[in-house]
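The chain contents come next:
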Number of protein chains: 2
Amino acid sequence: MYQKKEIVNKLRSSGLRPTKQRVLIAKKLFDRDKTFHFTIETLDKKINKKGSEKISLATIYNTIEAFTNAGYLKAILTSKSKSYYDTNIKSHHHFYDEGTKELTDIDYSQIKLSKVPIPPKGKKIKNLEVVIRVQK
Amino acid sequence: MYQKKEIVNKLRSSGLRPTKQRVLIAKKLFDRDKTFHFTIETLDKKINKKGSEKISLATIYNTIEAFTNAGYLKAILTSKSKSYYDTNIKSHHHFYDEGTKELTDIDYSQIKLSKVPIPPKGKKIKNLEVVIRVQK
DNA sequence: TTTCAGTTTATAATAATTCTAAACTAGAAA
DNA sequence: TTTCTAGTTTAGAATTATTATAAACTGAAA
Ligand SMILES: [Mn+2]
Ligand SMILES: [Mn+2]
Ligand SMILES: [Zn+2]
Ligand SMILES: [Zn+2]
């Protein structure tokens, strides 16, 4: 899906130097079929597993921040004191499983609204996201 | 709105001893007209302002956790690594102002959905909340 | 090749939260 | 009432999440 060349171009186009670390992290994040919802902690574990070249935690933080600013990632709404990120940057919705604490994407077209409130005076709606809490 | 007696009963009914600290915090939180959206930090500032009796930060954390478990408060979805709470425990929606970073309640009846996805197999929908991001 | 701004890294600092254990207290029981 | 004690508060330590620092490293322009 994502060849190294593509990643390099993508990074360059955002003014980010395609360093070894950034390319490796981008590959882990974007070279996959399904959306990836993660925290720095889970990503760090995936990247720094035995036998693989190490990337410092500081670089992981820096890179995720850079990717988020560049629009490659999106911060997810949670009620935890830890940041969550999403590789699906399209406006979309989520199922949130209370038991497993896992998120699943819902395509934007899967939810239709027939009534939406008028925003406060002088303010415009930028986007609208739905979280559907589910349970066994 | 909330007399001391009512607060004491409410606490007792949840198996929480109506201590001086809990009653004072409950009064600050619930004796108001509009919903209060807050963090531990903002609440601490409100409680421990000059001239008032001090309540330790640990107690504020403990009390907010106890109130949340008792169902008096709800954790709010955010993308910040800091927990937010809401005195409005009804299922409801929010406007989130990107500029001021402030939340405003939207009554549940103000949003109507004409299409909702089927939850994953074996799971049931517990609730559905909408966040509408707004900007100047 | 050389050069150097941008980047990585280990580590320190800060911020948010949770833990600990000693002192205190609400309220049941004497 | 007074006594008793489990529940609670508290200061401070510990832990966790994140950001800052500053020295070493490197991608890529020239
Ligand atoms: Mn940073
Ligand atoms: Mn705790
Ligand atoms: Zn998603
Ligand atoms: Zn609210």
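Each remark here, short or long, concerns the structure printed above.
Residues numbered from 1 in each chain as written. Chains lettered and ligands numbered in written order. Predicted model: local features only at pLDDT ≥ 70, side-chain atom pairs only at ≥ 80, totals over all residues. Heavy atoms only, no water.

Asker: Can you explain the interface of chain B and chain A? Please cite residues and give values.
Answerer: Taken together, the 40 residues of chain B in the interface contact 40 residues of chain A. For the pair chain B and chain A, the summed buried area comes to about 3600 Å², and 58% of that belongs to carbon and sulfur atoms. Three residues stand out in chain B for area buried against chain A, namely B:Leu77, B:Lys115 and B:Arg133, and they jointly supply 16% of the buried area on that side. Taking the shortest distance from any N to any O, the salt bridge between B:Lys126 and A:Glu98 comes out at 3.4 Å. Inspection of the region where chain B meets chain A yields 19 residue pairs in polar contact (both at pLDDT 80 or more). The set of elements that each furnish at least two residues to the side of chain B that touches chain A consists of strand E2 (74–76), strand E4 (93–97), strand E6 (112–115) and strand E7 (124–135) of chain B. (Contact = heavy atoms within 4.5 Å. Buried area = accessible area lost by both parts, 1.4 Å probe. Salt bridge = Lys/Arg side-chain N within 4 Å of Asp/Glu carboxyl O. Polar contact = N/O pair within 3.5 Å; in protein donor to acceptor, adjacent residues only side chain to side chain. Helix = DSSP H or I, 4+ residues; strand = E, 2+ residues; numbered from the N terminus.)

Asker: Go over the relation of the copies chain B and chain A, please, and point to the residues and values.
Answerer: Structural alignment of chain B on chain A gives an RMSD of 0.1 Å, achieved by rotating through 179° and translating 0.0 Å along the axis. Taken together, the rotation and translation relating the two chain copies correspond to the operation of a two-fold axis. Taken as a fraction of all interface residues of chain B, those also at the interface in chain A reach 100%, which identifies the copy contact as same-surface. (Least-squares fit on C-alpha atoms with pLDDT ≥ 70 in both.)

Asker: Can you explain the packing of helix H3 (residues 40–47) of chain A against helix H4 (residues 57–69) of chain A? Please cite residues and give values.
Answerer: Helix-helix packing is described using two parameters, namely the angle between the two axes and the distance between the axes. All names here are of chain A. Viewed as axis vectors pointing N to C, H3 and H4 meet at an angle of 120°, and their least axial separation amounts to 10 Å. In terms of axis orientation, H3 runs oblique to H4. Like other packed secondary-structure pairs, H3 and H4 cross with a definite hand, here right-handed. Facing Ile40, Leu43, Asp44 and Ile47 of H3, the residues of H4 in contact are Leu57, Ile60, Tyr61 and Ile64. Grouping the constituent residues of the contact of H3 with H4 by class yields seven nonpolar, no polar and one charged. (Axes fitted to C-alpha atoms, helices over the stretch in contact; angles between N-to-C directions. Parallel < 35°, antiparallel > 145°, perpendicular 65-115°, else oblique. Left-handed = near helix turned anticlockwise from the far one by under 90°. Nonpolar A, V, L, I, M, F, W, Y, C, P; charged D, E, K, R; others polar.)

Asker: Help me get a handle on the protein's contact with DNA strand C, residues and values and all.
Answerer: Of all residues adjacent to DNA strand C, which total 18 residues, the nearest are A:Thr19, A:Gln21, A:Arg22, A:Thr59 and B:Lys82. Restricting attention to atoms of DNA strand C within 4 Å of the protein, one finds that 76% of them are sugar or phosphate atoms. A distance of 2.8 Å separates a sugar or linking oxygen of DNA strand C from a polar atom in the side chain of A:Gln21. Contacts to DNA strand C include B:Lys82, whose side-chain N or O atom sits 3.2 Å from a phosphate oxygen. (Near = heavy atom within 4 Å.)

Asker: Can you explain the sheet that holds strand E1 (residues 37–38) of chain B? Please cite residues and give values.
Answerer: Residues and elements named next belong to chain B. The three strands are arranged E1-E3-E2 in an open sheet whose pairing can be described as antiparallel. Taken across any chain shown, the strands that pair with only one partner, and hence form the sheet edges, are E1 and E2. With three bridges connecting them, E2 and strand E3 (residues 84–86) associate as antiparallel partners. If you follow Lys74 over to E3, its bridge partner there is Asp86. (Pairing = 2+ DSSP bridges.)

Asker: Which residues make up the protein's contact with DNA strand D, and what values do they have?
Answerer: In the vicinity of DNA strand D there are 18 residues, among which A:Lys82, B:Thr19, B:Gln21, B:Arg22 and B:Thr59 approach most closely. Of what DNA strand D places within 4 Å of the protein, 76% of the atoms are sugar or phosphate. B:Arg17 places a side-chain nitrogen or oxygen 3.2 Å from a sugar or linking oxygen of DNA strand D. In the environment of DNA strand D, a sugar or linking oxygen lies 2.8 Å from a nitrogen or oxygen atom belonging to the side chain of B:Gln21. Those elements giving two or more residues to the surface near DNA strand D turn out to be helix H2 (20–30) and helix H4 (57–69) of chain B. Looking at the surface near DNA strand D element by element, the count peaks at three residues for H4(B).

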